[in-house]
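# Remarks on the overall topology
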Amino acid sequence: MKNKVILCTSNVIGKGDENLGETIVETFFTLLKQREELPHSIFLMNRGVFLATDQSLASVHLHELAQKGVHVLACSTCLQHYQLEDALVAGQVSTMGQFLELATEYQVITL
């Protein structure tokens, strides 16, 4: 999985019940951090940036993944749009340009 980038465009996985979607995304990151082989990066855009704030329990898992060497990147334009520039508790601010570079080098898996 080291040759992959996970793209999160939402703070939930799936459509339908939002609470269920939040539980599913948290479970995904809980299981991901337990794997031996981790992705190169996780890129958060649009509502996905909420995952790296204290508004999401997934932020704990993203922080742990970052400590394990996974690049957790949050779109700066999206953070500005949602007024979350100072709210990141996991990962770092990034740009769409950096995502494009990653997307040309690694396989992208969109959640």
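Described in the following lines is the structure provided in the data block. Position numbers for residues count from 1 along each chain, tracking the sequence in the order it is written. Under the rules for a predicted model, residues below a pLDDT of 70 receive no local features and side-chain atom pairs below 80 are neither given nor counted, while totals for whole chains, interfaces and linings still include all residues. Side-chain measures here rest on the full set of heavy atoms in the structure, leaving out hydrogens and waters.

Attention now goes to the nonpolar core. Ranked by size, the top nonpolar core spans 31 residues in total, and within it Phe29, Ile42, Leu44 and Leu62 carry the most contacts. The secondary structure listing takes helices from DSSP runs of H or I that are at least 4 residues long and strands from runs of E that are at least 2 residues long, numbered from the N terminus. When residues of this core are traced back to their parent elements, those giving at least two are β1 (4–8), α1 (18–33), β2 (41–44), α2 (58–67), β3 (71–75), α3 (76–81) and α4 (96–105). Note on contacts: a residue pair qualifies if any of its non-hydrogen atoms lie within 4.5 Å across the two residues. Beyond its immediate stretch of four places on either side in the chain, phenylalanine 29 contacts Cys8, Ile42, Leu51, Ala58, His61, Leu62, Leu65 and Leu111. In this text, buried Ala, Val, Leu, Ile, Met, Phe, Trp, Tyr and Cys residues form a nonpolar core when linked through side-chain atoms within 4.5 Å. The cut-offs for exposure are 20% and 50% of the maximum accessible area for each residue type, with area from a 1.4 Å probe on protein chains only; residues under the lower value are buried, those over the upper are exposed, and the others partly exposed.

Moving on: the pattern of salt bridges. Each reported salt bridge corresponds to a side-chain nitrogen of Lys or Arg within 4 Å of a carboxyl oxygen of Asp or Glu. Throughout the structure, instances matching the rule amount to one salt bridge. Here lysine 33 ties to glutamate 64 by a salt bridge, and the two come within 2.8 Å at their closest N and O atoms. In this pair, lysine 33 is assigned in helix α1 and glutamate 64 in helix α2, connecting sequence segments 31 residues apart.

Attention now moves to the sheet that holds strand β5 (residues 107–110). With parallel pairing, five strands are arranged side by side in an open sheet as β4-β3-β2-β1-β5. At either end of the open sheet lies a strand with only one pairing partner, and these are β4 (92–94) and β5. Going across the sheet, the axis of each strand differs from the next one's by a mean of 30°, ignoring polarity. Of the strand pairs in this sheet, β3 and β4 are connected by three bridges, and their pairing is parallel. Bridge pairing links cysteine 75 to serine 94 in β4. Paired strands are those between which DSSP finds at least two bridges. In this description, a line fitted to the C-alpha atoms serves as the axis of each element, helices being fitted only across the stretch in contact, and the angle between N-to-C directions of two axes falls anywhere from 0 to 180 degrees.

One pair of aromatic rings is described through two measures. These are the centre distance and the angle between the planes. Any pair of Phe, Tyr and Trp rings, taking the six-membered ring for Trp, is counted once the centres come within 6.5 Å. Such a pair is stacked with planes under 30 degrees apart, edge-to-face with planes over 60 apart, and tilted for the rest. Across all of its chains, the model carries three aromatic pairs by this definition. Plain terms: the ring middles of phenylalanine 28 and phenylalanine 29 are 5.2 Å apart, the flat faces sit at 80° to each other, and that makes the pair edge-to-face. For phenylalanine 28, a relative accessible area of 26% corresponds to the partly exposed category. Relative to tyrosine 82, the ring of phenylalanine 50 lies with its centre 5.0 Å away and its plane at 65°, an arrangement referred to as edge-to-face. With phenylalanine 50 in the loop between β2 and α2 and tyrosine 82 in the loop between α3 and β4, this residue pair connects regions lying 32 residues apart in the sequence. The exposure class of tyrosine 82 is partly exposed, given its relative accessible area of 23%. We count a charge as sitting over a ring when the NZ of a lysine or the CZ of an arginine lies within 6 Å of the ring centre and within 35 degrees of the ring normal. The aromatic ring of phenylalanine 50 is capped on one face by arginine 47, whose charged end is 4.4 Å from the ring centroid.

Its location among the elements puts glutamine 83 in the loop between α3 and β4. For glutamine 83, a relative accessible area of 68% corresponds to the exposed category. Sequence separation between glutamine 83 and alanine 52 is 31 residues; the distance between their C-alpha atoms is 13 Å.

Lining residues are those with an atom within 4 Å of a point, where the points come from a 1 Å grid over the protein atoms alone and group into cavities, where a 1.4 Å probe fits but cannot get out, or pockets, open sets with protein on both sides within 12 Å along at least five of seven lines. Grid points are joined across faces, edges and corners, and a volume is the space filled by probe spheres set on the points. Taken as a whole, the largest pocket spans an internal volume of roughly 180 Å³. Asn11, Glu22, Thr23, Val25, Glu26, Arg47, Phe50, Leu51, Gln55, Ser56, Leu57 and Ala58 together form the lining of the largest pocket. Ranked by residue count, the leading element in the lining of the largest pocket is α1, at four residues. Partitioning the lining of the largest pocket into residue classes produces five nonpolar, four polar and three charged. As a working rule, the residues Ala, Val, Leu, Ile, Met, Phe, Trp, Tyr, Cys and Pro are called nonpolar, Asp, Glu, Lys and Arg charged, and the rest polar, with Gly in that last group.

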